[in-house]
Amino acid sequence: MDTLQVILSGVLLGGVYALFAAGLNMIFGVMRVINLAHGELMMLGAYITFFASDQAGLNPLVSLPLSAAALLILGLLLQFALVERVVNQPLLSSLLLTFGLSTLMMGVALNLWTANYRSTAWAPLTGNWDVFGLAVSRSRFVAFVIALLVTGGTYLFLRRSTFGKAIRATSQNAEVAQICGIDVRRVRLVTFAMGSAMAAIAGSLIAMIFTISPEMGRMFIGKAFAIIVLGGLGSFVGALFGALSLGVGETLAAYWTNTQLAEGVAYVILLIVLLVRPSGFFGRAE
Amino acid sequence: MNGKCLASGTNDLHEREALSSLYNRRDLVRRAAALGISVPTLVALLGTGANAQGTPVGDPPEGDPILIGASVSTTGSNGRTGLYQQEAYLLWEAQKNASGGLLGRPVEMVIYDDQSDPTTGSRLYERLITEDEVDLVLGPYASGVTLAAAQITERYGYPMLVAGASAGEIWDSGFQYVFGVYSIAQDYFRDIILNIAPAQGYTTAAVIYEDAVFPLSTGEGAVAHCETAGIEVLVEETYPLRATDVSSILTRIGEAEPDMLIGGSYLPDSVLIMRQAKELGINVDLYAFSVGAAQPDFLDTLGEDANYVLGPSMWEPKIETTGNQEFLEAYRAMWDRDPDYHAATGYAGCQILEQALTNIGDVNLEALREELLQLTMTTILPGEYSVDETGRQTGHIPLTVQWQEGAKVIVAPEENRTGELQLPTPPWDERG
């Protein structure tokens, strides 16, 4: 029963990881740009939720669309002004640019909001629901459901809608997509903005569960890389699979050994997958 | 106000300095205004109280200021706690300068922010001593930073009153110039484990603590006291620094069903543990946490879930010690909020430094060291100041507090008690 309890905690956590990693993966798929600033976009989302709750008394579920909208706009601006310039350039250019953006955003956040740890607690979401003897954490469950809805919605959008198909086409082969009349530039703009909004929602959800600080992005981006490598670069389903595996892996490792070792699980998984199956479980070998 | 409040980062030093000093300056200006009104009151209050050894009130201090350096964590994971200590230092500085100074000279605090980072802290003490050429130093906040800073102050022969740290390890390191202000961390849970637990008939405990100098000391001390009291420790584990998820340890504790959950913690992790214990429905009869449980923030963040939690406290506003009432009023007047025990230990550090300097009549580092070793005096803290030959504090008496219906009640020791203990803690599903 207790092992089940631990697995449940891991699955619930994995849902939020999935949302975060899916946005990162989508951006990589379309642009071949590894967005090192993704963690900071998430951090901004988390702070929007925190301040909305702390200053205006808004509950996190209400501020969620706000934080998504704010980051959607920021994502559009970033892509339009900066990231677009490094698409199709040597990998190092985009790495340098996004690393710079990451450091800049973190530095500004440190200066504006200090390195203090903060947390929001909305009373109805503290505590648990008892389901067949398992304690289901309210905040984690709500975060999990929202994360799955957003991730699932994005998946359907990519599968069914015309624009989603254009995104996937660009992801598979940008040149051919362009020849077929797809406005590749616009696709990239929308993708980056969507990815940013997904990061923001993940951040808002994390603000509901954990304490936040300007440096939180760095911790999560490490996990996101492990997830993407595990699931396969550019694969949406893979990100979901990787995220749930990591969530469960971490909590089980903490349960069987100790919390100290569990922190390293992401990197051990990363290492093993790279050795055994470098393309990930759902990825295409390139 | 002479205080310089700067902050320094690990890499983007200048940028952060500029901003943080702006931030603090704005704060100080506002507070100085409040102080301006209350200076006469302050002076009147302190002329006879905590400042009994001070120069007669009214003489403006003259000559070169005595520079006193310190780094305090005012941001980072321990920032909320460290800020109290800094505010106490600045209060004492303002009081001295309003009442004739120290040895007739003005006092100027040079305080930096180490962002809760030991490496930054030791670098800042090096800078205080070699670049700012301060005359004296006061201790930083938290044991990790103190241990790192002590390596530096020791090398330069600066006696340091440790006004914000208590890990026993600090005095096991053979330092000659490091003096404790309050009880060592190993003894934080002594009253709870040796007196309260046996009286309630508790026989088992889980002890978990953060992987940092101070929490390790409190945790290991708790385990040792459990052994003495014949209490079986069912789960003992460390969790990583800045942990965000302790659900797996808590699940294991839920399985083991101990009577008590004892956390060697700071504020953020004590809040995290309580929150996740509620989320997972983990119930024990007694919860106790170091640092976090004694702080007003614990209540502010957890609300009703803070009730029943016990914690060690080094000082409480309600205790009757020399000058305590005056300290409370002056602190409130200057900072617009109530002090917590970290403010009181910081202030006590200043009181001891002042007394020792007054006794030797000069700023002389070697004489100061000798004086601090043999000095015995009362401060605003319970008990008295006195140290053994290693500089470890032996005279201070720690208190134990419990949150009861949103208020902090002193439950031990007997003579300081302000209310009756409320145990066992009801299970989560029976709480409102």
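The model shown is predicted, which means the values in this text are computed figures rather than measured ones. (Residues numbered from 1 in each chain as written. Chains lettered and ligands numbered in written order. Predicted model: local features only at pLDDT ≥ 70, side-chain atom pairs only at ≥ 80, totals over all residues.)

### Some words on the overall build of chain A
Of the regular secondary structure elements, chain A holds 12 helices and two strands. Mapped in sequence order, the helices and strands of chain A form the string α-α-α-α-β-β-α-α-α-α-α-α-α-α. For a compact globule of 286 residues, the expected C-alpha radius of gyration is about 19 Å, and chain A comes in at 18 Å, within 12% of that figure. Seen along its three principal axes, the alpha-carbon backbone of chain A occupies a region of about 55 × 45 × 35 Å. For chain A, the proportion of its 286 residues judged to be buried stands at 55%. Intrachain contacts of chain A at a sequence separation of at least 6 include 78% that bridge at least 24 residues. (Helix = DSSP H or I, 4+ residues; strand = E, 2+ residues; numbered from the N terminus. Rg over C-alpha atoms; globule rule 2.2 N^0.38 Å. Buried ≥ 20, exposed ≤ 12 C-beta atoms within 10 Å, placed from the backbone. Contact = placed C-beta atoms within 7 Å.)

### What about the overall build of chain B?
Counting secondary structure elements, chain B contains 13 helices and 13 strands. Across the 432 residues of chain B, 59% fall into the buried class. Residue pairs in contact within chain B that sit at least 24 positions apart in sequence constitute 71% of those at least 6 positions apart.

### What about the environment of Ala115(A)?
Within the secondary structure layout, Ala115(A) lies in the loop between helix H4 (91-113) and strand E1 (128-131). Owing to 23 C-beta atoms within 10 Å, Ala115(A) belongs among the buried residues under this scheme. Ala115(A) has contacts with Leu110(A), Ser213(A), Pro214(A), Glu215(A), Thr75(B), Gly76(B), Gly79(B) and Gln115(B), leaving out every residue within four places of it along the chain.

### Considering helix H1 (residues 2-31) of chain A
Taking 1.5 Å per residue, 30 residues should reach 44 Å; H1(A) reaches 43 Å between its end C-alpha atoms and fits that length. The element H1(A) is extensively covered by neighbouring structure, given that 25 of its 30 residues are classed as buried. (Expected span 1.5 Å × (residues − 1).)

### Quick look at the interface of chain A and chain B
Listed by partner, the interface residues are 28 residues for chain A and 33 residues for chain B. Of all the elements in the fold, those that place two or more residues in the side of chain A that touches chain B are H1, H4, E1, strand E2 (134-137), helix H10 (236-256) and helix H11 (259-262) of chain A. In terms of residues, the side of chain A that touches chain B owes the most to one element, H1(A), which gives four residues. A per-class count over the side of chain A that touches chain B returns nine nonpolar, 16 polar and three charged. (Nonpolar A, V, L, I, M, F, W, Y, C, P; charged D, E, K, R; others polar.)

### Considerations on the nonpolar core
Val16(A), Phe20(A), Ala21(A) and Ala202(A) are the most contacted members of the largest nonpolar core, which totals 225 residues. Looking at which element gives the most residues to this core, the answer is H1(A), with 17 residues. When residues are assigned to domains, this core turns out to be shared by domain 1 (4-183 + 319-374) and domain 2 (187-313 + 398-430) of chain B, each giving three or more. Ignoring anything within four residues of it in the chain, the contact list for Ala202(A) reads Val16(A), Leu19(A), Phe20(A), Met42(A), Gly45(A) and Ala147(A). (Core = buried A, V, L, I, M, F, W, Y, C linked by C-beta atoms within 7 Å. Domains from an automatic or database assignment.)

### Focus: the confidence of the model for chain A
Scored by pLDDT, chain A comes out at a mean of 88, with 99% of its residues at no less than 70. The least confident element of chain A, judged by mean pLDDT, is H11(A) at 82; the most confident is helix H3 (residues 60-81) of chain A at 94. (pLDDT = per-residue confidence, 0-100.)

### Quick look at the domain arrangement of chain B
All names here are of chain B. When cut into domains, chain B gives domain 1 (4-183 + 319-374) and domain 2 (187-313 + 398-430). With 18 residues of domain 1 at the contact, the number on the domain 2 side is 17 residues. Broken down by element, the side of domain 1 that touches domain 2 gets its largest block of residues, three residues, from helix H4 (residues 143-155). For the side of domain 1 that touches domain 2, the class distribution of residues is six nonpolar, eight polar and four charged.

### Concerning the environment of Phe51(A)
Residues and elements named next belong to chain A. Secondary-structure assignment places Phe51 in helix H2 (residues 38-56). Overall, the presence of 17 C-beta atoms within 10 Å leaves Phe51 in the partly exposed class. Between the C-alpha atoms of Phe51 and Gly14, which are 37 residues apart in sequence, the distance is 25 Å.

### Comments concerning the pairing of strand E9 (residues 260-264) of chain B
All names here are of chain B. The element E9 is largely enclosed, with a buried count of five among its five residues. Residues Met260, Ile262 and Gly264 point to one face of E9 and Leu261 and Gly263 to the other, with burial holding for every one of them. In the sheet, strand E7 (residues 204-210) pairs with E9 via five bridges, with the strands oriented parallel. Looking across to E9, one finds that Tyr209 is bridged to Gly264. Relative to strand E10 (residues 286-289), E9 runs parallel, the two being bridged by four bridges. Looking at E10, one finds that Met260 is bridged to Leu286. This β-α-β element, E9 to helix H9 (residues 267-280) to E10, shows right-handed connectivity. (Pairing = 2+ DSSP bridges. Right-handed = clockwise from strand over helix to strand, strands pointing away.)

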